[in-house]
Amino acid sequence: MKNYYELDTESVMDYVNSKVDFFPKDSKFECSEIGDGNLNLVFRIKDTNNGKSLIVKQSLPYVRAAGEDWPLDIGRGEIESRILDLEYKLTDGLVPRVYLYDGDMCCMIMEDLYDYKIMRYGLIERETYPNFVEQISDFMVKTLLLTSDVVMEHKEKKDLVKNFINPELCEITEDLVYTEPFNTGARNHMEENLVDFHRKHIVDDPVLAMEAARLKFDFMNNAQALLHGDLHTGSIFVNQDHTRVIDPEFAFYGPIAYDIGALVANLIMSYISAFYGTEHPERKEDFCNWMLKTIKDTVDVTKSKFLSEWDDAVTDLMAKKAGFKEYWTRDVFVNTAGVSGCEMIRRTVGFAHVKDLDAMENDEARYKAKTTNLLMAKELIINRTDYIDGQGYLDLIAKYCQ
Ligand code: SR1
Ligand code: MG
């Protein structure tokens, strides 16, 4: 921390020029802080003479959304820069390119995806993305299957497990996703009219608690693949042609279901928000139909890519035995449903909510959306063996969203 100082929109320009030879001498800079996540500072620096730009992402020694009372490992960007390099290679560029990681300043200098938009904000505007499923399923299958023991030489995989130990960020997930939302107090927060509902339907249900506990210990003990670790729609950049995944600072070796489940949950919450929401009525029907198809296809296309990649990619002799790939894939998708449920609950009553639900303007619609979200989530956790394909999710949505 000796040479660390917190950057601002003035100092970041000199900082960048001292680190990379990217901008010409006569550049005319424009700089803004665009970070809207819970953890870091993110600056966009642009040379208005030629339009070239880049991103500087700096870790703070605390959780940005909470303040200095919640300290956090400042070296997390180092893991993020390493996994971005690896994912860039595994996925043929479905993540931004990292130009430099500076361990003194805990800063990453990286490609600016200036012609993309954070998917969550696009979905809130009811935009649709025709290539999303094809590309995000590629991202998941390539990063997850190819870093697992069924494909990798086992000692090399264990080296990766060691190199991606990420205890502080894992602890955030263990607490915020798998513990606090199933209890009262701690860092949970919710609207007043949800307090009794949360207690009755979530906290006081012993069956739900037991199933959530099973999922928690699967998260902690199942070093299955190198995860992104926070694959929600705020970690995905999209436009009409392309999809790029950002922000893998929660990366570690964990259960594949954690990445797929986080994504599916956030798609479902976007659907629920549009289904009950009063915003953009003219786009509602088309958007909801697209979103249903997207939820279904995300599950089905990802699953079928796991199965079809399997025969080419898998090296372990026992993993090639008849029936094993179907067993393995089923297990991933059963727990995907459970993880989706945990993510949906924590985004409604836990520390970190989602704008899709919180920004709904109409009080009644928002209450309906959030309570429906909690009930669906509970069903996904308790009866997760029923939700192993896309149609299962559509049946669930049809039953609850009325
Ligand atoms: C204290 S961090 C809260 C949440 O923000 C990140 O994006 C993760 O989802 C984490 O759980
Ligand atoms: Mg993030």
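Please refer to the structure higher up on the page.
Residues numbered from 1 in each chain as written. Chains lettered and ligands numbered in written order. Predicted model: local features only at pLDDT ≥ 70, side-chain atom pairs only at ≥ 80, totals over all residues. Heavy atoms only, no water.

Peer 1: Can you tell me about the side chain of glutamate 279, naming the residues and giving the values?
Peer 2: With respect to the secondary-structure elements, glutamate 279 resides in the loop between α9 (256–276) and α10 (281–313). Given the relative accessible area of 16%, glutamate 279 is considered buried. Within the local environment of glutamate 279, its side chain forms a polar contact with the backbone nitrogen of glutamate 361, the two atoms lying 2.7 Å apart. The residues touching glutamate 279, leaving out its near neighbours within four places in the chain, are Arg126, Ala359, Met360 and Glu361. (Helix = DSSP H or I, 4+ residues; strand = E, 2+ residues; numbered from the N terminus. Buried < 20%, exposed > 50% of the residue type's maximum accessible area, 1.4 Å probe, protein only. Polar contact = N/O pair within 3.5 Å; in protein donor to acceptor, adjacent residues only side chain to side chain. Contact = heavy atoms within 4.5 Å.)

Peer 1: Quick rundown of the sheet that holds strand β8 (residues 117–118)? Include the residues and the values.
Peer 2: The antiparallel open sheet is built from three strands, whose spatial order is β8-β10-β11. In this open sheet, the two edge strands, each paired with only one partner strand, are β8 and β11 (243–245). Sheet topology note: the β8/strand β10 (residues 236–238) ladder contains two bridges and is antiparallel. For lysine 117, the partnering residue across the bridge sits in β10 and is valine 238. (Pairing = 2+ DSSP bridges.)

Peer 1: Please set out the packing of helix α4 (residues 132–145) against α10 residue by residue, giving values where relevant.
Peer 2: One can describe the packing of α4 onto α10 by two numbers: an axis separation of 9 Å at closest approach and a directional angle of 40°. Comparing their axes, α10 and α4 come out oblique. Regarding α4 and α10, the two cross each other, and that crossing is right-handed. Every residue of α10 that contacts α4 at Phe132, Val133, Glu134, Ser137, Asp138, Met140, Val141, Leu144 and Leu145 is listed here: Thr294, Asp297, Thr298, Val301, Thr302, Lys305, Phe306, Glu309, Trp310 and Ala313. (Axes fitted to C-alpha atoms, helices over the stretch in contact; angles between N-to-C directions. Parallel < 35°, antiparallel > 145°, perpendicular 65-115°, else oblique. Left-handed = near helix turned anticlockwise from the far one by under 90°.)

Peer 1: Go over the packing of aromatic side chains with me, naming the residues and quoting the values.
Peer 2: Evaluated as defined, the whole model comprises 19 aromatic pairs. Taken together, a centroid distance of 5.2 Å and an interplanar angle of 40° make the contact between tyrosine 178 and phenylalanine 219 tilted. Of this pair, tyrosine 178 sits in the loop between α6 (167–176) and α7 (195–203) while phenylalanine 219 sits in helix α8 (residues 206–221), and the two are 41 residues apart along the sequence. With 5.0 Å between their ring centres and 65° between their planes, tryptophan 310 and tryptophan 328 make a pair best called edge-to-face. In this pair, tryptophan 310 sits in helix α10 while tryptophan 328 sits in helix α11 (residues 324–349), placing the two residues 18 residues apart along the sequence. Accessibility classification places tryptophan 310 together with tryptophan 328 in one group, the buried group. An aromatic cluster of at least three residues, connected via ring pairs, comprises Phe306, Trp310, Phe324, Tyr327, Trp328 and Phe333. (Phe/Tyr/Trp six-rings, centres within 6.5 Å; stacked < 30°, edge-to-face > 60°.)

Peer 1: Describe the site of ligand 1, with residues and values.
Peer 2: Ligand 1 sits among 13 residues. The nearest are Asn38, Val63, Asp230, Arg346 and Arg347. Separating an oxygen atom of ligand 1 from a side-chain N or O atom of aspartate 230 is a distance of 2.7 Å. Taking arginine 346, its side chain carries an N or O atom lying 2.8 Å from an oxygen atom of ligand 1. Of all elements in the fold, only α6 and α11 reach the threshold of two or more residues within the shell around ligand 1. Grouping the amino acids of the shell around ligand 1 by side-chain chemistry returns eight nonpolar, two polar and three charged. (Near = heavy atom within 4 Å. Nonpolar A, V, L, I, M, F, W, Y, C, P; charged D, E, K, R; others polar.)

Peer 1: Tell me about the environment of aspartate 358, and name the residues and values.
Peer 2: Position of aspartate 358 among the secondary structure elements: in helix α12 (residues 355–358). Each C-alpha atom, one on aspartate 358 and one on serine 273, is 9.1 Å from the other, the two residues being 85 residues apart in sequence. Once residues lying within four places of it in the same chain are set aside, the contact partners of aspartate 358 are His353, Arg366 and Lys370. A polar atom in the side chain of aspartate 358 sits 3.0 Å from the side chain of histidine 353.

Peer 1: Report on the pairing of strand β6 (residues 98–102), specifying residues and quantitative values.
Peer 2: Relative to strand β7 (residues 107–111), β6 runs antiparallel, the two sharing four bridges. Considered in β7, the bridge of aspartate 102 is made with cysteine 107. Where β6 hands over to β7, the hairpin turn is made up of four residues, of which cysteine 106 adopts a positive phi near 50°.

In short, shape yes, function no, at least from these values alone.
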